[in-house]
Amino acid sequence: MSGSRMKPRFAVFIPGFRHNPAYRNTMHFEGTKEMLEPTEIRREQGCILEPVRKTPIVRDVDVLVCGGGPAGVGAALGAARTGAKTMLIERNAFLGGAATAVMMNTWNVPVSHMTGVAREITLKLAERSGAVIAGPTVPFDPEAFKELSVDLLKQAGVEILNYTWVVDPIMERRRICGAVIQNKSGRQAILARAVVDATGDADIAAAAGAEYVMGREKDHKMRPMSVLFRMGGVDVRRAVEYCRSCPAEHFTADRNFHILDLDKGLVRMSGFFDIADKARAAGELPEEIHYIRFEGVDVKRGIVTVNNSRVYGVDGTNAWDITRADIEARLQNRKLYAVIKKYIPGFENAFVIDSSPNIGVRETRRARGSQLLSEDDILAKRTYPDSVAKVWRHHAAGRDWHSPDGSEGSPQNLVYRTLQTELNWFEMPWAIFVPNNVEGLAVAGRVLSVTHEADMWTRGQYCCLVTGQVAGTAAALAALRNSSPRALDVSTLQRALVAQGVDIGEARKNLVAEVA
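Analysis parameters
Residues numbered from 1 in each chain as written. Predicted model: local features only at pLDDT ≥ 70, side-chain atom pairs only at ≥ 80, totals over all residues. Heavy atoms only, no water. Pairing = 2+ DSSP bridges. Helix = DSSP H or I, 4+ residues; strand = E, 2+ residues; numbered from the N terminus. 1 Å grid on protein atoms, 1.4 Å probe; cavity = no way out; pocket = protein on both sides within 12 Å on 5 of 7 lines; lining within 4 Å. Points joined across faces, edges and corners; volume = space filled by probe spheres on them. Nonpolar A, V, L, I, M, F, W, Y, C, P; charged D, E, K, R; others polar. Salt bridge = Lys/Arg side-chain N within 4 Å of Asp/Glu carboxyl O. Buried < 20%, exposed > 50% of the residue type's maximum accessible area, 1.4 Å probe, protein only.

## Details of the pairing of strand 10 (residues 165-172)
- Where strand 10 and strand 11 (residues 175-183) come together, six bridges link them in antiparallel fashion. Within strand 11, the position partnered with valine 166 by the bridge is isoleucine 181.
- Linking two consecutive strands that pair antiparallel, namely strand 10 and strand 11, is a turn of two residues; a positive phi of about 55° is found at arginine 173 within it.

Right, here's the structure in full:
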């Protein structure tokens, strides 16, 4: 300015902070260079003491859904359609979780037995030529699922924030009131009247102090991790003809997992035990791989998904383990690709299209609520007055597809090779959605209060979509009533779910009786 000098402007850069508008009030100072409290390094204690900092509140919502996989998508739709201001946080660049980032693109239930938003999504995928719904299972296109998820959530008014990690719960005593997030915009806070943990690993529930168990109850071992990959240029018809020409014992006996229906465009090939045994004996396959499995098959375009890498003895809540597992799984996949091209007719000209961006984590933490759903409950087809979902899937007693003990599909694993799954149903009581020790929180997907054995029934993506819708609807009802999911009148929740097209099982008869 004329006749005066401008005051110098200084910016103080502190490790862990970013130069962005969210931090301007604490990082820029007029006229002086002011230093904030430094980080204290305590090497002898193996820690640092971080300075106190102000974290900007960037949103205040009714329901915050943490995790954008199938459970999170279901939760956000359930919450928004109940009338709640809803926000969904996802760490990836896109939604879908296991369905997209892991590319596990087959659901083990026919559309005729689906319910709620899961059925809606499946039918809409089929309308977009993104799913085959003519058989006992539903293969689908991961890219179509990404697009449809965004379309439905935007239509419902959900705010989506990708590229974002949920790093801490915001707590008032034992009540969760939102979450601290971290992304390119820095460290920020989102306040919420109710929160849904759909992280798959109970990340927010565990950090909030909820009771949980890790892995299998008796030894805390967890199911193996996998990286999936897709192959193109496959002559699916030739591969099917080869399967039909081989002895039946070369493949799984389960008609729901080995499907060769070209007329319906429904193909799922599982087994090739003779090839796997020969290749493993020759050192061409890792010791962990005892069979070859193709699913998510697009017959017309010649695309298959390979789901075979298995890494055991790793913890999905440990970043070092996840990294090691991801590297090892991709090394296994190189060998798988070579064996498939060498030995299986129809794959001579095949090539790798892509591999899953994320490793598939099958089991980590599960919350503990006032009730624990067991496999005995499921097999007995127990019904509950507080049932909030009746779920179907192809499964069988004692069949653990992905045991922590290894040998999946091996000659010793006769259950895998010879057992036939059937379409079974089970009910899910509301008590397994609310973890002990925390208020304001509902859980969904793999985080439910179930045993290790029951988790084999409940962790599938279709079930995650359903349980997500339940948790999101409950969170919305609680938020709109200034209450907590634990304090909800169950019949109110059940009516809301029925209105959204969810089958709640035998409990619906009680609702009808009350109205009458």
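## Observations concerning empty space enclosed by the protein
- Tallied over the entire structure, the rule returns one cavity of 30 Å³ or more.
- Reported here for the largest cavity is a volume of approximately 30 Å³.
- As for the largest cavity, its lining consists of Glu288, Ile289, His290, Tyr291, Asn308, Arg310 and Glu408.
- When its residues are assigned to classes, the lining of the largest cavity shows two nonpolar, two polar and three charged.

## Remarks on the pattern of salt bridges
- Within this structure, the stated rule accounts for 34 salt bridges.
- Among the ionic pairs, arginine 280 bridges to aspartate 277, the shortest N-O distance being 3.0 Å. With arginine 280 and aspartate 277 both in helix 7 (residues 273-281), this residue pair falls three residues apart, about one helical turn.
- Residue class for arginine 280 comes out buried when judged on its relative accessible area of 13%.

## Details of the layout of surface pockets
- Approximately 440 Å³ is the volume found for the second largest pocket.
- Around the second largest pocket sit 23 residues that line it, and Ser129, Val132, Val297, Asp298 and Val299 are the ones nearest its centre.
- Listed by contribution, the elements that provide at least two residues to the lining of the second largest pocket are helix 4 (142-156), strand 17 (292-298) and strand 18 (303-306).
- For the lining of the second largest pocket, the element with the most residues is strand 17, which contributes three residues.
- Its residues assigned to classes, the lining of the second largest pocket shows nine nonpolar, six polar and eight charged.

## Description of unusual backbone geometry
- A positive phi angle, close to 55°, is found at tyrosine 163, a residue other than glycine.
- Within the secondary structure, tyrosine 163 sits in the loop between strand 9 (159-161) and strand 10.
- In this model, alanine 202 sits at a positive phi of 55°, which is unusual for a non-glycine residue.
- Relative to the helices and strands, alanine 202 is located in the loop between strand 12 (186-197) and helix 5 (203-207).
- Classification of alanine 202 by relative accessible area gives buried; the value is 1%.

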